[in-house]
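Structural overview for review
Okay, here's what each chain looks like letter by letter:
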Amino acid sequence: MEYSPVCHSLYALWSSPVKKKLILLSIMFLIWVYMLYSCVGYCSTMPSLVVDGYRGKETGAAVAKRTESAGTDLVSRLLAQPQPWEDIESDYEEPSIRTAASRDLLNNELEADRADDWDEMRGEQQRAPEPSAMSSFSNGSGSKKLPQAIIIGVKKGGTRALLEFLRVHPDIRAVGAEPHFFDRNYDNGLEWYRELMPKTLEGQITMEKTPSYFVTREAPARIAAMSRDTKLIVVVRDPVTRAISDYTQTLSKKPDIPSFESLTFKNRTTGLIDTSWSAIQIGIYAKHLDNWLQYFPMEQILFVSGERLISDPAGELGRVQDFLGLKRIITDKHFYFNQTKGFPCLKKAEGSSKPHCLGKTKGRTHPNIDPEVVQRLRDFYRPFNMKFYQMTGHNFGWD
C-alpha cells in the first residue's frame, strides 16, 4: 500500500495521549457551557416565582393592608354607576351600596380568586414538564416584551383551559400566573409588568391572561395606553352557568357564605335581581363590552365560546390561531376527552410527552340550585344576551 504522509500525520495526532485528552476536554467544556446557558435561559422564564417569593417576605401588616385596599377597590369598581341602557327593557337596576355583610362577601370572592390563582400557579409548577434542551436554549436568548395579546375575560369562562391549550403552540409564550397588572398592580409601572413576561424570539407572541380585566372599568384605557394594537381575547359562557360556577368557587373557600338563591335577589318576593353581586354583574357582557369598544375596534377583540371550547376545542383553537396570525398547529390530534373531569385535556403538554389536564380547582361539582331561580336568571339575562349577540355578530345559543 502506498505510504501517505498526511495519513501518517493524522494517525500520529490522534494516537498522542496528551492531544487525545485535550480534544476530549474541549468537547466536555463545550457541553458544560451549553448546559449552563440552557439553565440560565430556563430560569429567566420564571419571573413570577421571584415576585411571589418577594411577596412572601412581606409582613403580615403589609399583606393585610394590600388585601384591604384591593377589596375596597373591587367594591368601588363593581358598584360604580354603569352607563344607562335605554334600548334594553329589563328589570335591571343600577347597583347600589350594599350592607357590610355584602361587602364582606365581595372581599371573600376576592380572597377566593387569589386562592385559586395560587392553586393554579402551584399546580402548574408541580405539573410543568421540564423543557427540552433546544427550547431551553432558545429561551436563553430573545428578550422580554410587553404582551401583544391578552385574554381579558371572563372569570369562570374557560380562560385557564384556553391559555394552557395555546401554550402548546411554539410561537406563543405566556405567563402562567395571572399578573393582574391593569386592575391591581398598575401603579407598579410597565417595566415591572414587562419583567413578568417570558423571553420571546422574533416572530413569537407574548401573552397573559387575567379574566378580571373585562369587568374593570379602567382596564381598556390602560391597555390602550400601553398599545392600541393589542389583540384581546374574551372567553364567554352562558351567564347563568357562569354565575353558579363563580358561586361554587367562592363556596369551596368559604363554606359559610349565604345560599346562591338568597344572594341572587334583592327581594325574593318581588323577584328583583341583585346586580351589585359580582357573580351576577360579570355576566352582563354587553354592558362591559360597551366600555371596551370606547378604546378598541371590534376587529381587535375575539370572542371564544366556553361551551365550544369543551365540545370542539380544536375548532375554537383554530379561530384563535387565525386571529393571532399564527399557523394552525394545534389540532384535533392534541386533545382527548376526560370523562371524569368532563372536559378535554391535552395528549401532550408543552415540552412533555405526558397527558395534561387542568387541576382540581377546575370542574368542581355545582350545588343544586332552585330551578325557579335559574329560570328567573335566564329571563333576566335574555335581553342582555340578545344585545351581546347583536354587538358581536354571533349567537352563542344561551337562550
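Predicted model only: the values in this text are computed from it and were never measured. (Residues numbered from 1 in each chain as written. Predicted model: local features only at pLDDT ≥ 70, side-chain atom pairs only at ≥ 80, totals over all residues. Heavy atoms only, no water.)

What follows covers the sheet that holds strand 5 (residues 205-209). Strand pairing in a sheet relies on backbone hydrogen bonds. The paired strands run either parallel or antiparallel. Taken in spatial order, the five strands line up as 3-5-2-6-9 in an open sheet, and their pairing is parallel. The sheet is open, and its two borders are formed by strand 3 (172-174) and strand 9 (301-305), each paired with just one other strand. When strand polarity is set aside, the average angle formed by the axes of neighbouring strands in this sheet is 25°. In the sheet, strand 2 (residues 149-153) pairs with strand 5 via three bridges, with the strands oriented parallel. (Pairing = 2+ DSSP bridges. Helix = DSSP H or I, 4+ residues; strand = E, 2+ residues; numbered from the N terminus. Axes fitted to C-alpha atoms, helices over the stretch in contact; angles between N-to-C directions.)

Attention now moves to the packing of aromatic side chains. Under the counting rule described, the total for this entry stands at 23 aromatic pairs. Seen from their ring centres, Phe-181 and Tyr-186 are 5.3 Å apart, and the 50° between their planes marks the pair as tilted. Under the relative-accessibility criterion, Tyr-186 is labelled partly exposed at 29%. On the basis of an interplanar angle of 35° and a centroid distance of 6.2 Å, the ring pair of Phe-182 and Tyr-186 is categorised as tilted. We classify Phe-182 as buried; its relative accessible area is 0%. Each residue in the set Phe-181, Phe-182, Tyr-186, Trp-192, Tyr-193 and Tyr-213 is aromatic and connected to the rest through ring pairs, giving one cluster. The ring of Phe-323 carries Lys-231 above its face, with NZ or CZ at 5.4 Å from the centroid. (Phe/Tyr/Trp six-rings, centres within 6.5 Å; stacked < 30°, edge-to-face > 60°. Buried < 20%, exposed > 50% of the residue type's maximum accessible area, 1.4 Å probe, protein only. Lys NZ or Arg CZ within 6 Å of the ring centre and 35° of its normal.)

So, about a nonpolar patch on the surface. A cluster of nonpolar residues, Ile-23, Leu-24, Ile-27, Ile-31 and Met-35, forms a patch on the protein surface that exposes about 470 Å² of accessible area. For Ile-31, the position within the fold is in helix 2 (residues 17-44). (Patch = residues over 30% accessible without salt bridge, like charges linked within 9 Å, V, L, I, M, F, W, Y side chains within 5 Å. Areas by Shrake-Rupley, 256 points an atom, 1.4 Å probe, with all protein chains shown as cover. Salt bridge = Lys/Arg side-chain N within 4 Å of Asp/Glu carboxyl O.)

Turning our eyes to something else, we now look at the pattern of salt bridges. Close approach of charged atoms lets side chains of opposite charge pair. Applying the stated rule across the entire model yields 15 salt bridges. For Asp-238, the salt bridge goes to Arg-378, with nearest N and O atoms at 2.8 Å. With Asp-238 in the loop between strand 6 (231-236) and helix 10 (239-253) and Arg-378 in helix 16 (residues 371-392), this residue pair connects regions lying 140 residues apart in the sequence. Taking the relative accessible area as the measure of exposure, Asp-238 reaches 8% and is therefore buried. Across the pair Arg-308 and Glu-316 runs a salt bridge, and its minimum N-O distance is 3.0 Å. Several salt bridges share partner residues, and in doing so they unite Arg-308, Asp-312, Glu-316 and Arg-319 into one network.

Fair warning: the whole summary comes from geometry, so function is off the table for now.
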